[in-house]
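Here are the chains, one letter per residue:
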Amino acid sequence: MADNISSQNIDNDHRELSRRGLLFVLSSPSGAGKSTLASMLLQADDEIAMSVSVTTRAKRPGEEHGKDYYFVSGEEFEEMVADHSFLEYATVFGHRYGTPAVPVNESLADGQDVLFDIDWQGTQQLYQRAGQDVVRVFILPPTLGELRSRLDSRNTDSPEIIESRMQRATSEISHWDGYDYVLINDDLEACFAKVKQILATERMRRARQTGLIGFVRDLMAE
Ligand SMILES: Nc1nc2c(ncn2[C@@H]2O[C@H](COP(=O)(O)OP(=O)(O)O)[C@@H](O)[C@H]2O)c(=O)[nH]1
Ligand SMILES: Nc1ncnc2c1ncn2[C@@H]1O[C@H](COP(=O)(O)OP(=O)(O)O)[C@@H](O)[C@H]1O
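Residues numbered from 1 in each chain as written. Chains lettered and ligands numbered in written order. Predicted model: local features only at pLDDT ≥ 70, side-chain atom pairs only at ≥ 80, totals over all residues. Heavy atoms only, no water.

The chain appears in an unreviewed UniProt entry as Guanylate kinase from Parasphingorhabdus flavimaris. A UniProt comment under Function (unreviewed entry) is attached to the chain, and it reads "Essential for recycling GMP and indirectly, cGMP." (UniProt positions renumbered as here; feature names shortened; annotations may be inferred.)

Following this line, the structure appears as C-alpha coordinates:
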(Lines give C-alpha, C1' and ligand atoms only; values in the text may rest on other atoms or scores of the structure.)
(Ligands and ions follow the chains in the order given, each with its own letter.)
Protein backbone atom coordinates (compact mmCIF):
# COMPACT_ATOMS: atom_id res chain seq x y z
CA MET A 1 0.00 0.00 0.00
CA ALA A 2 1.37 3.38 -0.98
CA ASP A 3 2.04 5.46 2.16
CA ASN A 4 0.83 8.65 0.58
CA ILE A 5 -2.75 7.41 0.53
CA SER A 6 -2.79 5.93 4.02
CA SER A 7 -3.84 7.84 7.08
CA GLN A 8 -0.40 8.00 8.67
CA ASN A 9 0.61 11.24 6.99
CA ILE A 10 -1.75 13.48 8.86
CA ASP A 11 -2.73 13.89 12.48
CA ASN A 12 -6.19 15.35 12.31
CA ASP A 13 -9.36 13.83 10.90
CA HIS A 14 -8.40 13.33 7.28
CA ARG A 15 -12.01 12.95 6.22
CA GLU A 16 -12.57 16.63 6.91
CA LEU A 17 -12.48 18.20 3.45
CA SER A 18 -10.96 21.55 2.70
CA ARG A 19 -13.70 23.25 0.72
CA ARG A 20 -11.93 25.13 -2.02
CA GLY A 21 -12.36 23.24 -5.27
CA LEU A 22 -15.16 21.33 -6.92
CA LEU A 23 -15.69 17.61 -6.45
CA PHE A 24 -16.72 16.53 -9.93
CA VAL A 25 -18.28 13.06 -10.04
CA LEU A 26 -18.83 10.88 -13.11
CA SER A 27 -20.95 7.75 -12.60
CA SER A 28 -22.50 5.31 -15.04
CA PRO A 29 -23.26 1.66 -15.57
CA SER A 30 -20.08 -0.22 -16.44
CA GLY A 31 -19.09 0.36 -20.08
CA ALA A 32 -21.03 3.59 -20.70
CA GLY A 33 -17.79 5.54 -21.10
CA LYS A 34 -16.99 7.35 -17.84
CA SER A 35 -13.30 6.34 -17.75
CA THR A 36 -12.90 7.47 -21.36
CA LEU A 37 -14.54 10.83 -20.59
CA ALA A 38 -12.48 11.18 -17.41
CA SER A 39 -9.19 10.71 -19.21
CA MET A 40 -10.22 13.16 -21.94
CA LEU A 41 -11.05 15.73 -19.27
CA LEU A 42 -7.75 15.22 -17.46
CA GLN A 43 -5.87 15.75 -20.71
CA ALA A 44 -7.83 18.85 -21.64
CA ASP A 45 -7.88 20.59 -18.26
CA ASP A 46 -4.89 21.31 -15.99
CA GLU A 47 -7.04 22.44 -13.12
CA ILE A 48 -8.63 19.12 -12.31
CA ALA A 49 -6.91 16.13 -10.71
CA MET A 50 -8.10 12.51 -10.73
CA SER A 51 -8.96 10.83 -7.47
CA VAL A 52 -7.36 7.39 -7.79
CA SER A 53 -9.45 4.82 -5.93
CA VAL A 54 -8.41 1.79 -3.93
CA THR A 55 -9.92 -1.52 -5.00
CA THR A 56 -9.81 -5.20 -4.15
CA ARG A 57 -10.68 -6.24 -7.70
CA ALA A 58 -8.01 -7.81 -9.91
CA LYS A 59 -5.92 -5.60 -12.17
CA ARG A 60 -6.98 -5.65 -15.83
CA PRO A 61 -4.40 -5.95 -18.59
CA GLY A 62 -2.92 -2.51 -19.19
CA GLU A 63 -3.96 -1.08 -15.82
CA GLU A 64 -1.29 0.44 -13.57
CA HIS A 65 -1.12 0.41 -9.78
CA GLY A 66 -1.31 4.02 -8.58
CA LYS A 67 -2.62 5.35 -11.89
CA ASP A 68 -5.86 3.47 -12.59
CA TYR A 69 -6.35 2.15 -9.07
CA TYR A 70 -4.42 1.17 -5.98
CA PHE A 71 -4.89 -2.60 -6.04
CA VAL A 72 -4.97 -4.02 -2.52
CA SER A 73 -5.98 -7.18 -0.68
CA GLY A 74 -9.25 -7.43 1.25
CA GLU A 75 -7.30 -7.19 4.53
CA GLU A 76 -5.50 -4.04 3.45
CA PHE A 77 -8.79 -2.49 2.40
CA GLU A 78 -10.45 -3.25 5.76
CA GLU A 79 -7.43 -1.77 7.58
CA MET A 80 -7.94 1.45 5.65
CA VAL A 81 -11.63 1.42 6.60
CA ALA A 82 -10.69 0.95 10.26
CA ASP A 83 -8.15 3.81 9.99
CA HIS A 84 -10.84 6.12 8.55
CA SER A 85 -8.68 6.59 5.47
CA PHE A 86 -11.60 6.76 3.04
CA LEU A 87 -13.83 9.66 2.15
CA GLU A 88 -16.32 7.08 0.96
CA TYR A 89 -16.30 3.39 0.16
CA ALA A 90 -18.67 0.76 -1.16
CA THR A 91 -19.01 -2.77 -2.47
CA VAL A 92 -19.55 -2.87 -6.25
CA PHE A 93 -19.81 -6.09 -8.29
CA GLY A 94 -18.68 -8.01 -5.18
CA HIS A 95 -15.44 -6.01 -4.77
CA ARG A 96 -14.51 -3.22 -2.37
CA TYR A 97 -13.82 0.25 -3.76
CA GLY A 98 -12.89 3.39 -1.82
CA THR A 99 -11.66 6.96 -2.25
CA PRO A 100 -8.59 7.71 -0.15
CA ALA A 101 -9.04 11.05 1.60
CA VAL A 102 -5.46 12.35 1.75
CA PRO A 103 -4.82 12.92 -2.00
CA VAL A 104 -8.24 14.55 -2.43
CA ASN A 105 -7.51 16.99 0.37
CA GLU A 106 -4.06 17.70 -1.03
CA SER A 107 -5.47 18.50 -4.47
CA LEU A 108 -8.18 20.73 -2.99
CA ALA A 109 -5.61 22.51 -0.82
CA ASP A 110 -3.54 23.11 -4.00
CA GLY A 111 -6.54 24.83 -5.55
CA GLN A 112 -7.33 21.95 -7.91
CA ASP A 113 -10.76 20.55 -8.62
CA VAL A 114 -11.03 16.78 -8.19
CA LEU A 115 -12.55 14.25 -10.58
CA PHE A 116 -14.15 11.04 -9.27
CA ASP A 117 -15.15 7.89 -11.16
CA ILE A 118 -17.30 6.34 -8.45
CA ASP A 119 -20.68 4.61 -8.22
CA TRP A 120 -23.98 5.98 -6.87
CA GLN A 121 -23.31 4.75 -3.32
CA GLY A 122 -20.02 6.64 -3.15
CA THR A 123 -21.63 9.68 -4.75
CA GLN A 124 -24.27 9.77 -2.02
CA GLN A 125 -21.62 9.54 0.71
CA LEU A 126 -19.53 12.28 -0.89
CA TYR A 127 -22.60 14.46 -1.23
CA GLN A 128 -23.46 14.00 2.45
CA ARG A 129 -19.94 15.05 3.33
CA ALA A 130 -19.33 17.94 0.94
CA GLY A 131 -22.82 18.96 -0.25
CA GLN A 132 -22.71 22.03 -2.42
CA ASP A 133 -19.12 21.46 -3.57
CA VAL A 134 -20.10 18.19 -5.27
CA VAL A 135 -21.22 18.18 -8.92
CA ARG A 136 -22.83 14.87 -9.86
CA VAL A 137 -22.91 13.76 -13.50
CA PHE A 138 -24.50 10.49 -14.62
CA ILE A 139 -23.57 9.01 -18.01
CA LEU A 140 -26.10 6.84 -19.87
CA PRO A 141 -25.42 4.59 -22.86
CA PRO A 142 -27.66 5.22 -25.89
CA THR A 143 -29.06 1.65 -25.62
CA LEU A 144 -28.37 -1.47 -23.57
CA GLY A 145 -27.30 -3.24 -26.79
CA GLU A 146 -24.65 -0.57 -27.33
CA LEU A 147 -23.57 -0.92 -23.68
CA ARG A 148 -22.97 -4.64 -24.21
CA SER A 149 -21.05 -4.08 -27.41
CA ARG A 150 -18.82 -1.49 -25.66
CA LEU A 151 -18.09 -3.96 -22.87
CA ASP A 152 -17.32 -6.62 -25.51
CA SER A 153 -15.10 -4.38 -27.58
CA ARG A 154 -13.21 -3.03 -24.56
CA ASN A 155 -11.92 -6.57 -24.31
CA THR A 156 -10.97 -6.38 -20.64
CA ASP A 157 -13.49 -8.74 -19.02
CA SER A 158 -14.54 -12.36 -19.40
CA PRO A 159 -18.00 -13.15 -20.86
CA GLU A 160 -19.20 -14.06 -17.32
CA ILE A 161 -18.09 -10.71 -15.91
CA ILE A 162 -19.67 -8.86 -18.84
CA GLU A 163 -22.91 -10.76 -18.22
CA SER A 164 -22.93 -9.83 -14.54
CA ARG A 165 -22.27 -6.16 -15.39
CA MET A 166 -25.13 -6.19 -17.88
CA GLN A 167 -27.38 -7.68 -15.22
CA ARG A 168 -26.43 -4.86 -12.85
CA ALA A 169 -26.79 -2.14 -15.51
CA THR A 170 -30.50 -1.43 -15.02
CA SER A 171 -30.18 -1.23 -11.25
CA GLU A 172 -27.23 1.19 -11.64
CA ILE A 173 -29.27 3.27 -14.10
CA SER A 174 -32.19 3.42 -11.63
CA HIS A 175 -30.10 5.83 -9.51
CA TRP A 176 -29.88 8.45 -12.26
CA ASP A 177 -32.16 10.90 -10.49
CA GLY A 178 -29.72 11.31 -7.60
CA TYR A 179 -27.51 13.30 -9.99
CA ASP A 180 -27.38 16.96 -11.01
CA TYR A 181 -26.81 16.23 -14.71
CA VAL A 182 -27.61 13.22 -16.88
CA LEU A 183 -25.87 12.85 -20.25
CA ILE A 184 -26.31 10.28 -23.00
CA ASN A 185 -22.93 9.16 -24.31
CA ASP A 186 -23.84 8.44 -27.90
CA ASP A 187 -21.37 10.55 -29.85
CA LEU A 188 -18.25 10.71 -27.67
CA GLU A 189 -17.07 14.17 -28.73
CA ALA A 190 -20.55 15.66 -28.26
CA CYS A 191 -20.83 14.13 -24.80
CA PHE A 192 -17.35 15.34 -23.86
CA ALA A 193 -18.27 18.87 -24.96
CA LYS A 194 -21.21 18.74 -22.53
CA VAL A 195 -19.02 17.50 -19.70
CA LYS A 196 -16.66 20.45 -20.25
CA GLN A 197 -19.60 22.83 -20.43
CA ILE A 198 -20.95 21.58 -17.09
CA LEU A 199 -17.57 21.97 -15.43
CA ALA A 200 -17.17 25.50 -16.81
CA THR A 201 -20.66 26.47 -15.65
CA GLU A 202 -20.20 25.05 -12.17
CA ARG A 203 -16.88 26.86 -11.82
CA MET A 204 -18.64 30.11 -12.65
CA ARG A 205 -21.36 29.38 -10.10
CA ARG A 206 -18.72 28.93 -7.42
CA ALA A 207 -16.86 32.06 -8.46
CA ARG A 208 -20.14 33.85 -7.86
CA GLN A 209 -20.29 32.51 -4.34
CA THR A 210 -16.65 33.18 -3.41
CA GLY A 211 -14.22 35.46 -5.25
CA LEU A 212 -16.80 37.68 -6.89
CA ILE A 213 -18.40 38.67 -3.59
CA GLY A 214 -15.32 40.72 -2.67
CA PHE A 215 -15.14 42.18 -6.17
CA VAL A 216 -18.76 43.33 -6.07
CA ARG A 217 -18.32 44.81 -2.59
CA ASP A 218 -15.27 46.81 -3.78
CA LEU A 219 -17.05 47.87 -6.96
CA MET A 220 -20.03 49.19 -5.04
CA ALA A 221 -17.78 51.00 -2.56
CA GLU A 222 -15.98 52.95 -5.34
N1 LIG B 1 -18.05 4.01 -4.38
C2 LIG B 1 -17.00 3.86 -5.18
N3 LIG B 1 -17.15 3.33 -6.40
C4 LIG B 1 -16.05 3.21 -7.19
C5 LIG B 1 -14.77 3.65 -6.76
N6 LIG B 1 -13.89 3.41 -7.77
C7 LIG B 1 -14.60 2.87 -8.77
N8 LIG B 1 -15.90 2.75 -8.43
C9 LIG B 1 -17.02 2.23 -9.23
O10 LIG B 1 -16.94 0.83 -9.29
C11 LIG B 1 -17.53 0.37 -10.49
C12 LIG B 1 -16.64 -0.63 -11.18
O13 LIG B 1 -15.47 0.01 -11.61
P14 LIG B 1 -14.42 -0.80 -12.47
O15 LIG B 1 -14.07 -2.07 -11.77
O16 LIG B 1 -13.28 0.11 -12.81
O17 LIG B 1 -15.22 -1.21 -13.77
P18 LIG B 1 -15.78 -0.37 -15.02
O19 LIG B 1 -16.81 0.61 -14.50
O20 LIG B 1 -16.35 -1.43 -15.89
O21 LIG B 1 -14.61 0.33 -15.66
C22 LIG B 1 -17.81 1.63 -11.33
O23 LIG B 1 -19.18 1.98 -11.17
C24 LIG B 1 -16.92 2.67 -10.68
O25 LIG B 1 -17.44 3.99 -10.86
C26 LIG B 1 -14.66 4.21 -5.45
O27 LIG B 1 -13.60 4.62 -4.98
N28 LIG B 1 -15.79 4.28 -4.72
N1 LIG C 1 -19.40 7.41 -27.25
C2 LIG C 1 -18.78 6.24 -27.45
N3 LIG C 1 -18.94 5.59 -28.60
C4 LIG C 1 -18.34 4.38 -28.82
N5 LIG C 1 -17.51 3.77 -27.94
C6 LIG C 1 -17.31 4.39 -26.76
C7 LIG C 1 -17.92 5.64 -26.45
N8 LIG C 1 -17.53 6.01 -25.21
C9 LIG C 1 -16.71 5.02 -24.76
N10 LIG C 1 -16.57 4.06 -25.69
C11 LIG C 1 -15.79 2.80 -25.58
O12 LIG C 1 -16.58 1.92 -24.74
C13 LIG C 1 -15.74 1.12 -23.92
C14 LIG C 1 -16.15 1.34 -22.45
O15 LIG C 1 -15.78 2.66 -22.07
P16 LIG C 1 -15.16 2.96 -20.63
O17 LIG C 1 -14.77 4.41 -20.63
O18 LIG C 1 -14.14 1.95 -20.27
O19 LIG C 1 -16.48 2.76 -19.72
P20 LIG C 1 -16.69 2.80 -18.13
O21 LIG C 1 -15.50 3.49 -17.54
O22 LIG C 1 -17.96 3.57 -17.95
O23 LIG C 1 -16.82 1.38 -17.70
C24 LIG C 1 -14.30 1.54 -24.23
O25 LIG C 1 -13.75 0.60 -25.13
C26 LIG C 1 -14.45 2.93 -24.87
O27 LIG C 1 -13.41 3.19 -25.77
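Undergrad: Any chance you could explain the pattern of salt bridges here in plain terms?
TA: Working definition: two side chains of opposite charge can pair if their charged atoms are close together. A complete count under the given rule lists 13 salt bridges for this structure. Between Arg-60 and Glu-63 there is a salt bridge, with the nearest N and O atoms lying 3.9 Å from each other. You'll find Arg-60 and Glu-63 in the same group, each marked buried. Where Asp-157 meets Arg-154, a salt bridge forms, and the shortest distance between an N and an O atom there is 3.0 Å. Residues joined by salt bridges that share partners form a network here, namely Arg-57, Arg-60, Glu-63, Arg-154 and Asp-157. (Salt bridge = Lys/Arg side-chain N within 4 Å of Asp/Glu carboxyl O. Buried < 20%, exposed > 50% of the residue type's maximum accessible area, 1.4 Å probe, protein only.)

Undergrad: Which parts of the structure should I look at to understand the packing of aromatic side chains?
TA: In this description, an aromatic ring pair is defined by two values, namely the gap between the centres and the angle between the planes. Scanning all chains against the criterion turns up 6 aromatic pairs. When the ring of Phe-77 is compared with that of Tyr-89, the centres are 6.4 Å apart and the planes differ by 75°; the resulting orientation is edge-to-face. Taken together, the positions of Phe-77 in helix 2 (residues 74–82) and Tyr-89 in strand 5 (residues 86–92) put the pair 12 residues apart, joining distant regions of the chain. Phe-77 sits in the buried class, given a relative accessible area of 0%. Taken together, Tyr-69, Phe-71 and Tyr-97 form an aromatic cluster joined through their ring pairs. (Phe/Tyr/Trp six-rings, centres within 6.5 Å; stacked < 30°, edge-to-face > 60°. Helix = DSSP H or I, 4+ residues; strand = E, 2+ residues; numbered from the N terminus.)

Undergrad: Explanation requested: the sheet that holds strand 6 (residues 95–100) in the structure shown.
TA: The strands making up a sheet are joined through hydrogen bonds of the backbone, oriented either antiparallel or parallel. Spatially, 4-3-6-5 is the arrangement adopted by the 4 strands of the open sheet, whose pairing is mixed. Each end of this open sheet is capped by a strand with a single partner; those strands are strand 4 (69–71) and strand 5. In this sheet, adjacent strand axes meet at a mean angle of 25° when their direction is disregarded. In terms of strand pairing, strand 5 meets strand 6 through 6 bridges, oriented antiparallel. What sits directly across from Ala-90, in strand 6, is Tyr-97. Together, strand 5 and strand 6 form the strand contacts of helix 3 (residues 101–109), whose direction differs from that of strand 6 by roughly 30°. (Pairing = 2+ DSSP bridges. Axes fitted to C-alpha atoms, helices over the stretch in contact; angles between N-to-C directions. Contact = heavy atoms within 4.5 Å.)

Undergrad: Whenever I open this one, the UniProt feature "binding site: ATP" (unreviewed entry) in the chain confuses me. Can you help?
TA: The sites that carry the UniProt feature "binding site: ATP" (unreviewed entry) are, in the present numbering, Ser-28, Pro-29, Ser-30, Gly-31, Ala-32, Gly-33, Lys-34 and Ser-35. Among the residues just listed, Ser-28, Pro-29, Ser-30, Gly-31, Ala-32, Gly-33, Lys-34 and Ser-35 line the largest pocket. Under the relative-accessibility criterion, Gly-31 is labelled buried at 15%. Excluding anything up to four places from it in sequence, Gly-31 contacts Leu-147, Arg-150, Leu-151 and Arg-154. Relative to the helices and strands, Lys-34 resides in helix 1 (residues 34–44). (1 Å grid on protein atoms, 1.4 Å probe; cavity = no way out; pocket = protein on both sides within 12 Å on 5 of 7 lines; lining within 4 Å.)

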